[in-house]
Amino acid sequence: MTLDIHLLRKLYPALSDGTAYLDGAGGTQLPDSVIDAVSDAYRSGLGNAHGEFPASRRADKLAAEARLAVADLVGGQPDGVILGPNMTTLTYRLAGALARQWSSGDEIVLSQLDHDANVRPWVQFAGRHGVRVRWAIVDTSTGELPVDQFEGLVNERTRLLAVTAASNVLGTRPDVRAITDIAHRHGALTYVDGVAAAPHVPIDMAALGADFFATSAYKWSGPHIGTVVADPALLESLQPDKLAASSNSVPERFETGTLAFADLAGVTAAVEHVAGLSGNPGQSRRERVLNSMAAVQAHEEAEFTVLLDALAAMPHVRLFGRPASRTPVAYFRVASRTPQQVAARLAARGVNVWHGHAYAWELTQALGVRHDGGAVRASLAPYNDADDVARLLRGVEELAP
Ligand SMILES: Cc1ncc(COP(=O)(O)O)c(C=O)c1O
């Protein structure tokens, strides 16, 4: 099935402002169904969780439905879906809980390819517990994260391996399954950052070998909510810092304070939106999600090929990375302009792109651009069309010296 891009774009009110939103890697726009779900939740009367009155029961229901929806998106178990404000906060929380079981002499393996949210929490907790950090290196000429190096990085002392399912700047999709297999062979847990992958490709966290799979709803047309999904039995074995008064059940023990219940209505609506893009009404939501994401991937790949080939052909453009398998994000510099100048010129033409290091802290250092303004990042979302791409290309073409 293919996406009906004209129909799809009509569902997103923000797109009617005429902007080419090529900034989706930083956060996507929302369809009316998600915006309505959030406002309807407030309109219906909303209480805090676990009370005996209808407004409280509605809050409980919104949280339960969001867990079911996220589980359908990533192929996890609803009782293992931790909800929170964003992926970074949840990763700090999980790192704190996991690190309680680490001791001096243990090791963890991190990758240079990762967003800093799947690096710094681990580095900081490792430092407090005398745990050695070992690094998987990126081939900066291709942007690949070679798998074979992991054999030399993982051993019986490794407690955790954290790796991204897609780079948020180069788009690189490493062979996560091969990497997690190596970790599991040595008894290490795996924490897979799916924030930049889940918006673009079908996800099956079990097939990826992810003990923990993190994603953020605001990257797939949902509200600003983060989630980490794991086997509930694994979560039972971990004890995070928490209030004495709060629930110690799983997954709630990982959720500090009050959840953003209305936004959770938006999370469920966003998964319904994804499922409705190309799914067959007779199928389960999980099946519809998988079909739809395959259609999203095909649509984005077609648009991205045009974008990438045209940028590669411009003599004044330097593209970073050429990974074999990637999500639709291009990271580039333009001769004689800073990335900020390029972003500003494009913004003046109604084209949104990001500039800078995009929190790919280690990677941009390895690429040699972190202290020099980073680069320009243009990324596609399902609602981007050929016109958005053409406008970007015209804007960059105009910047030829
Ligand atoms: C790959 C990746 N990981 C993690 C994050 C952090 O997500 P959050 O903003 O939900 O903390 C981002 C945000 O851009 C990202 O792109």
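Please read all numbers here as calculations on a predicted model, not as lab measurements.

Within the secondary structure, Glu-303 is located in helix 11 (residues 285–312). Of the side chains bearing the opposite charge, Arg-9 lies closest to the buried Glu-303, which forms no salt bridge; the N-O distance is 8.7 Å.

Now for the sheet that holds strand 4 (residues 132–136). Ordered by their spatial adjacency, 7 strands build an open sheet running 2-8-7-6-5-3-4, and the pairing between neighbours is mixed. What marks the edges here is a single partner per strand, and that holds for strand 2 (81–84) and strand 4. Direction aside, neighbouring strands of the sheet carry axes that sit 20° apart on average. In this structure, strand 6 (residues 189–193) lies alongside strand 7 (residues 212–216), joined through 3 bridges in parallel fashion. Considered in strand 7, the bridge of Val-192 is made with Phe-213. Along the sheet, helix 4 (residues 87–99) contacts strand 2, strand 5 (158–164), strand 6, strand 7 and strand 8 (226–230); its crossing angle with strand 6, the most-contacted strand, is approximately 170°.

A separate point is unusual backbone geometry. One can expect most non-glycine residues to show negative phi and most peptide bonds to be in trans. Cis peptide bonds are those with omega within 30 degrees of zero, and the linkage from Val-250 to Pro-251 qualifies with 10°. Mapping Pro-251 onto the fold places it in the loop between helix 9 (232–236) and helix 10 (261–278). With phi around 65°, His-50 is a residue other than glycine that occupies positive phi space. You will see that Ser-221, though not glycine, has its phi angle at about 70°, which is positive. Among the secondary structure elements, Ser-221 is positioned in the loop between strand 7 and strand 8.

The next thing to look at is the pattern of salt bridges. Following the criterion strictly, the structure yields 20 salt bridges and no others. Here Asp-388 makes a salt bridge to Arg-9, at a shortest N to O gap of 3.2 Å. Here the residue Asp-388 occupies a position in helix 14 (residues 386–397), and Arg-9 occupies one in helix 1 (residues 5–10), the gap between them amounting to 379 residues. For the pair formed by Asp-388 and Arg-9, the shared burial category is buried. Among the salt bridges present, the one from Arg-349 reaches Glu-398, with a minimum N-O distance of 2.6 Å. On the criterion of sequence distance, the pair formed by Arg-349 in the loop between helix 12 (339–348) and strand 11 (351–352) and Glu-398 in the segment after helix 14 is long-range, its members being 49 residues apart.

Per the domain assignment, the segments making up the chain are domain 1 (5–30 + 294–397) and domain 2 (35–274). The C-alpha-based centres of domain 1 and domain 2 are spaced at 26 Å. Contacts between the two partners involve 38 residues from domain 1, matched on the other side by 36 residues from domain 2. The junction of domain 1 with domain 2 conceals about 2900 Å² of combined surface from both sides, 57% of it contributed by carbon and sulfur atoms. Between domain 1 and domain 2 we count 1 salt bridge in total.

Turning our eyes to something else, we now look at the site of the ligand. Close to the ligand lie Asn-86, Met-87, Thr-88, His-115, Ala-117, Asn-168, Asp-193, Val-195, Ala-196, Ser-216, Tyr-218 and Lys-219, which account for all nearby residues. Take Thr-88: an N or O atom from its side chain is 2.5 Å from an oxygen atom of the ligand. Note that an oxygen atom of the ligand is positioned 2.5 Å from one of the side-chain N or O atoms of Lys-219. For the ligand, whose free accessible area comes to 390 Å², the fraction covered by protein is 91%. Of the residues that constitute the shell around the ligand, the class distribution is 5 nonpolar, 5 polar and 2 charged.

The next point concerns the environment of Asp-116. Considering the arrangement of structural elements, one finds Asp-116 in the loop between strand 3 (107–111) and helix 5 (120–128). As for Asp-116 and Glu-52, which are separated by 64 residues in sequence, their C-alpha atoms are 42 Å apart. In this structure Asp-116 touches Pro-121, Tyr-359 and Trp-361, once residues within four positions along its chain are discounted. Separated by 2.7 Å, the side chains of Asp-116 and Arg-120 make a polar contact.

It is worth spelling out the packing of aromatic side chains at this point. Enumeration according to the criterion identifies 5 aromatic pairs in this entry. Geometrically, the ring pair formed by Tyr-12 and Tyr-383 is tilted, given 4.8 Å between the ring centres and 55° between the ring planes. Of this pair, Tyr-12 sits in the loop between helix 1 and strand 1 (20–21) while Tyr-383 sits in the loop between strand 13 (375–379) and helix 14, and the two are 371 residues apart along the sequence. Pair check on accessibility: Tyr-12 and Tyr-383 agree, each one buried. Ring plane angle 70° and centroid distance 4.8 Å describe the contact between Trp-122 and Tyr-191, whose orientation is recorded as edge-to-face. Pair noted here: Trp-122 is in helix 5 and Tyr-191 is in strand 6, with a separation of 69 residues, a long-range link. Its relative accessible area of 0% is what places Trp-122 among the buried residues. For Tyr-191, a relative accessible area of 0% translates into the label buried. Members of the aromatic cluster, each reached through a chain of ring pairs, are Trp-102, Trp-122, Tyr-191 and Phe-212. For the cation-ring pair, Arg-128 lies above Phe-125, with the distance from its terminal atom to the ring centre recorded as 4.7 Å. The ring of Trp-361 carries the charged tip of Arg-370 above its face, separated from the ring centre by 3.8 Å.

Criteria and cut-off values
Numbers given to residues run from 1 along each chain, matching the order in which its sequence is written. At least 70 in pLDDT is required for a residue's local features to be given in this predicted model, at least 80 for side-chain atom pairs to be given and counted, and no such filter applies to totals for whole chains, interfaces and linings, which use all residues. Side-chain numbers come from the whole structure's heavy atoms, not from hydrogens or water. Only DSSP runs of H or I with at least four residues qualify as helices, and only runs of E with at least two residues qualify as strands; both kinds are numbered from the N terminus onward. Relative accessibility under 20% of the residue-type maximum defines a buried residue, over 50% an exposed one, and the middle range a partly exposed one, all with a 1.4 Å probe and only protein chains included. As used throughout, the charge tally considers Lys and Arg to be positive and Asp and Glu to be negative, leaving His and the chain termini uncounted. Each salt bridge in this description consists of a side-chain nitrogen of Lys or Arg and a carboxyl oxygen of Asp or Glu lying within 4 Å of one another. Pairing between two strands requires that DSSP report at least two bridges joining them. What counts as an axis is a line fitted to C-alpha atoms, over the stretch in contact for a helix, and the angles between N-to-C directions run from 0 to 180 degrees. Residue contacts are counted whenever heavy atoms from the two residues lie within 4.5 Å of one another. An automatic or database domain assignment provides the domain bounds reported here. Here the quantity called buried area is the accessible surface, traced with a 1.4 Å probe, that two parts lose on coming together, added over both. Residue proximity to a molecule or strand is established when one non-hydrogen atom of the residue lies within 4 Å of it. Here a polar contact is taken to be a pair of N or O atoms separated by no more than 3.5 Å, where protein atoms must pair a possible hydrogen donor with a possible acceptor and residues adjacent in sequence count only if both atoms sit in side chains. Using a 1.4 Å probe, accessible areas were evaluated by the Shrake-Rupley method; residue-level cover was limited to the displayed protein chains. Lys, Arg, Asp and Glu make up the charged group, whereas Ala, Val, Leu, Ile, Met, Phe, Trp, Tyr, Cys and Pro make up the nonpolar group; the residues left over, Gly among them, are polar. Within 6.5 Å between ring centres, the rings of Phe, Tyr and Trp (the latter by its six-membered ring) count as paired, and their orientation is classed by plane angle as stacked under 30 degrees, edge-to-face over 60, tilted in between. Consider the ring centre and the ring normal. A charge sits over the ring if Lys NZ or Arg CZ is within 6 Å of that centre and within 35 degrees of that normal.

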